[in-house]
Amino acid sequence: MSRVLLTVSGEVPGDLEAKVASGERPRPDYVEMARAMSADLLDVSEARRTTGRVGMLLERLAGPGPLLAWACFRRRRRYDAIFTDGEQVGLPLAILARLTGRRLPVHVMIVHILSVPKKAALVRWLRLGPLVDRYVVYASSQRRYLVDELGVPDAHVVLTSFMVDTTFWAPDAVPAAPGPRMICSAGLERRDYPTMMEAVCGLDVRVVLAAASPWSKRADSTAKASVPDNVEVTRLGFADLRQLYADAAFVVMPLEDTPFQAGVTTILEAMAMGRAVVCTRTEGQTDVITDGVDGVYVPPADVAALRATIVALLDDPARADTLGRTARQHVAEEADVVVYARRLARVVDDARAERAERRRKPSATRRRLGRGPRRRSPPVVRP
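Let us look at the structure shown here. (Residues numbered from 1 in each chain as written. Predicted model: local features only at pLDDT ≥ 70, side-chain atom pairs only at ≥ 80, totals over all residues. Heavy atoms only, no water.)

## Let's talk about the overall build of the protein chain
Then, number 1: For the protein chain, the count of helices and strands is 13 helices and twelve strands.
Then, number 2: In terms of principal-axis extent, the alpha carbons of the protein chain reach across some 115 × 40 × 35 Å.
Then, number 3: Within the protein chain, the fraction of its 383 residues that count as buried is 50%.
Then, number 4: Here the analysis covers contacts within the protein chain between residues at least 6 apart in sequence; of these, 72% occur between residues at least 24 apart.
Then, number 5: The protein chain carries 56 positive and 46 negative side-chain charges, and their two centres are separated by 16 Å. (Helix = DSSP H or I, 4+ residues; strand = E, 2+ residues; numbered from the N terminus. Buried < 20%, exposed > 50% of the residue type's maximum accessible area, 1.4 Å probe, protein only. Contact = heavy atoms within 4.5 Å. Lys, Arg positive; Asp, Glu negative; His and termini not counted. Charge placed at Lys NZ, Arg CZ, Asp CG, Glu CD.)

Okay, structure coming up:
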């Protein structure tokens, strides 16, 4: 029987295996994580099916995160580890443990951003920190915040690269189509498309912005901006997005300044496709690209710097190609979805081993000390 429960903050498609096998879409991280951890998957549809009216009420009031947390809580005795795929599930699970006084199995939680004041206040007020055995973070800024501001032990915070399916996103997966020079960007989360559009306005290059995301609820920042004549805004599925990267000279990731790793999915996809990435250096986006080695950083909201960098790479395609090749090598070694899944499986194993060691220590202490001092019989008072 599997001893790890892994949450999926969404619904696992019924045709997922068929689409992955046919090359229509990349492998999701949770598939490889479940394989590496021998874990059971718990998605939103399964949580709805098994939690009844309480789950329905939680989802209606607070969304799918607390629904998944409640489903995990109900299953806690069946597993010796629960891996929550974000604080939207992990924090409600910790809250349930705190409010009920019930012990959780080993709890490993992915953290996207905990430096939001409301989340941080909740962690402090309810003393949730010790109820999570390992925090997995993707940004150095979040690691520092957890350790320095929330008091999480350094050893309990694991900084890791995010992941990408380097088999699907691969330079040899699709040939580049002939056509005029083109650069692109993609995604919605914290994208600063207005700055990018201003930077490329009037340049002799076609620019495609695939402003869509299957998980972000952010508004499209191109909607109220003036779109230059050389810029096209579109929405693309996995296969068409891969073709877009293949056709691009390089990829641009314009970001608002934010303390978490917005843009990381697009960045890793582009790098896996062997494309250099010009990226805004934000507080949270500092850990993926090595500046001048496999990409180029520019300051936030700096139209002139972004334009100059784009022009320089357009004028030096050999450098762009070199950056892209290095980028591909880096992600294949450090961020491939299988490498990522095995790394997180080791995190779970380490946390379980630590929990087991804590349980053994009192027993070892008792063995060293014996059964403790014998109670002396009260003195017998004789007449």
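## Observations regarding the pattern of salt bridges
Then, number 1: Counted by the stated rule, this structure contains 22 salt bridges.
Then, number 2: Residue E32 is joined to R27 by a salt bridge in which the shortest nitrogen-to-oxygen separation is 3.4 Å.
Then, number 3: Measuring nitrogen to oxygen at the nearest pair gives 2.7 Å for the salt bridge that ties D165 to R27. Here D165 is found in the loop between strand 6 (157-159) and strand 7 (182-186), whereas its partner R27 is found in the loop between helix 1 (16-21) and helix 2 (29-37), with 138 residues between them in sequence.
Then, number 4: In this structure, a network of salt bridges that share partners links the residues D133, R134, E354, R355 and R358. (Salt bridge = Lys/Arg side-chain N within 4 Å of Asp/Glu carboxyl O.)

## Examining helix 5 (residues 87-100)
Then, number 1: For helix 5, with 14 residues, the first-to-last C-alpha span of 19 Å sits near the 20 Å given by 1.5 Å per residue.
Then, number 2: The complete set of buried residues in helix 5 reads E87, V89, G90, L91, P92, L93, A94, I95 and A97.
Then, number 3: The inward-facing, buried residues of helix 5 contact strand 1 (4-8), helix 4 (64-74), strand 3 (81-84), strand 4 (106-111) and helix 6 (117-125).
Then, number 4: Where helix 5 terminates, the next one or two residues include G101, which has phi positive at roughly 75°. (Expected span 1.5 Å × (residues − 1).)

## As for empty space enclosed by the protein
Then, number 1: Per the counting criterion, the structure on display carries one cavity of 30 Å³ or more.
Then, number 2: Estimates place the volume of the largest cavity at around 50 Å³.
Then, number 3: Split by residue class, the lining of the largest cavity holds six nonpolar, two polar and two charged. (1 Å grid on protein atoms, 1.4 Å probe; cavity = no way out; pocket = protein on both sides within 12 Å on 5 of 7 lines; lining within 4 Å. Points joined across faces, edges and corners; volume = space filled by probe spheres on them. Nonpolar A, V, L, I, M, F, W, Y, C, P; charged D, E, K, R; others polar.)

## Brief notes about the nonpolar core
Then, number 1: Grouped together as the largest cluster of nonpolar side chains are 63 residues, with contacts concentrated most on M37, F83, Y245, L268, M271 and V277.
Then, number 2: The element that contributes the greatest number of residues to this core is helix 13 (residues 337-369), accounting for nine residues.
Then, number 3: If near-sequence neighbours (up to four positions away) are discounted, Y245 is found in contact with W169, C184, A186, V251, T266, E269, A270, M273 and R275.
Then, number 4: Counting 25 residues, the second largest nonpolar core, distinct from the first, contains V205, V298, L313 and L323. (Core = buried A, V, L, I, M, F, W, Y, C linked by side-chain atoms within 4.5 Å.)

## Quick look at the side chain of S185
Then, number 1: With respect to the secondary-structure elements, S185 resides in strand 7.
Then, number 2: At a separation of 2.6 Å, a polar atom in the side chain of S185 contacts the main-chain carbonyl oxygen of V252.
Then, number 3: When neighbours within four sequence positions are excluded, S185 is seen to be in contact with Y193, M196, V208, L209, A210, L244, V251, V252, M253 and P254. (Polar contact = N/O pair within 3.5 Å; in protein donor to acceptor, adjacent residues only side chain to side chain.)

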